[in-house]
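# Per-entry structural report
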Amino acid sequence: GLLGNLDVFQASRNAYFLTGALCISLAFYQTVRGVLLKKQGAIILCIGTLLLLVTALHDMLLATGVIASVGLTYIGAMCFMGSMLYVASTTFTNTYLENQQLVKDLGAVNENLEHLVAERVEDLSITIQTLQQTQHDLVEAEKLASLGALVAGISHELNTPIGNALVTASALE
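In this report, the structure presented in the accompanying data block is examined. (Residues numbered from 1 in each chain as written. Predicted model: local features only at pLDDT ≥ 70, side-chain atom pairs only at ≥ 80, totals over all residues. Heavy atoms only, no water.)

### Side note on the overall build of the protein chain
Looking only at helices and strands, the protein chain has three helices and zero strands in total. Taking 173 residues into account, the globule formula puts the C-alpha radius of gyration at 16 Å, and the protein chain, at 48 Å, lies well above it. For the protein chain, the C-alpha atoms occupy an extent of roughly 155 × 35 × 30 Å along the three principal directions. Considering the protein chain as a whole, with its 173 residues, one finds that 13% of them fall into the buried category. Expressed as a percentage of contacts within the protein chain between residues at least 6 apart in sequence, the contacts between residues at least 24 apart total 52%. Looking at the protein chain as shown, the accessible area adds up to about 13,400 Å², and 69% of this sits on carbon and sulfur atoms. Charge-centre separation for the protein chain: the mean point of 7 positive side chains lies 28 Å from the mean point of 14 negative side chains. (Helix = DSSP H or I, 4+ residues; strand = E, 2+ residues; numbered from the N terminus. Rg over C-alpha atoms; globule rule 2.2 N^0.38 Å. Buried < 20%, exposed > 50% of the residue type's maximum accessible area, 1.4 Å probe, protein only. Contact = heavy atoms within 4.5 Å. Areas by Shrake-Rupley, 256 points an atom, 1.4 Å probe, with all protein chains shown as cover. Lys, Arg positive; Asp, Glu negative; His and termini not counted. Charge placed at Lys NZ, Arg CZ, Asp CG, Glu CD.)

As structure tokens, then:
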């Protein structure tokens, strides 16, 4: 059973290695693009991917019987894994630090916003007090105007009979 599967694997091993080399070549291309775009960690990942590509080519040569050494297989795979772990841990650490800075910045913005709201509330409170005082002054002015109109009306009502009495008294005299 197992030996039959091993024969199938051995027969298709070159196709597996060519497919792996193609995938690693595409990954290497993407890491080179990352280096050109100056993405963080791209250089280290590019080196690791290049080592994995060399390892895949080494394994293909080993599978075809051109070479007999297996030492590079483990070293290349370990270097690639190490570079991936380094880039991942650096990215996570930097993301954490950036998030911490964003939290601080958000706190400062929030504090500034609270200060602005307090200033606006104080300004509105002063405006409300001014409006209330103006309303009070208008009510007082209206009362005085009404009193003035009342006094003028009473004065008119008194002046008419007094004037008539004076005219009559003058005429009788």
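### Some thoughts on the environment of Ile43
For Ile43, the location among the structural elements is in helix 2 (residues 42-63). Sequence spacing of Ile43 and Ser146 is 103 residues, and the spatial spacing of their C-alpha atoms is 89 Å.

### Side note on the side chain of Thr49
Within the element layout of this structure, Thr49 appears in helix 2. Apart from the residues lying within four places of it in its own chain, the contact partners of Thr49 are Ile24, Ala27, Phe28, Thr31 and Phe80.

### Some details on the environment of Thr91
Residue placement: Thr91 occurs in helix 3 (residues 71-172). Taking C-alpha positions, Thr91 is 7.8 Å from Gly41, a pair spaced 50 residues apart along the chain.

### Re helix 3
Between its terminal C-alpha atoms helix 3 stretches 149 Å, which fits the 152 Å expected from 102 residues at 1.5 Å a residue. Turning to helix 3, the residues buried within the fold contact helix 2. (Expected span 1.5 Å × (residues − 1).)

### As for the nonpolar core
By size, the foremost hydrophobic cluster in this structure holds six residues: Ala21, Ile24, Leu52, Leu53, Ala56 and Phe80. If you list the elements that add at least two residues to this core, you get helix 1 (2-36) and helix 2. No other element matches the three residues that helix 2 contributes to this core. When near neighbours in sequence (up to four residues on either side) are disregarded, Leu53 contacts Ala21, Ile24 and Ser25. (Core = buried A, V, L, I, M, F, W, Y, C linked by side-chain atoms within 4.5 Å.)

### Some words on the packing of helix 2 against helix 3
Interhelical geometry of helix 2 versus helix 3 gives an angle of 160 degrees and a closest axis separation of 8 Å. Compared by their axis directions, helix 2 and helix 3 come out roughly antiparallel. The hand of the helix 2/helix 3 crossing is left-handed. When helix 2 is examined against helix 3, the residues Ile44, Leu45, Gly48, Thr49, Leu51, Leu52, Val54, Thr55, His58 and Asp59 are found in contact with a partner set consisting of Leu72, Thr73, Gly76, Ala77, Cys79, Phe80, Ser83, Met84, Tyr86 and Val87. (Axes fitted to C-alpha atoms, helices over the stretch in contact; angles between N-to-C directions. Parallel < 35°, antiparallel > 145°, perpendicular 65-115°, else oblique. Left-handed = near helix turned anticlockwise from the far one by under 90°.)

### Focus: helix 2
The periodicity of an α-helix, 3.6 residues per turn, causes residues three or four places apart in sequence to face the same way. For helix 2, spanning 22 residues, the distance from its first C-alpha to its last is 31 Å, which sits close to the expected 32 Å at 1.5 Å a residue. Of the positions making up helix 2, those classed as buried are Ala42, Cys46, Gly48, Thr49, Leu52, Leu53, Thr55, Ala56, His58, Asp59 and Leu62. Once helix 2 finishes, Gly65 follows within two positions and takes phi at roughly 85 degrees, a positive value.

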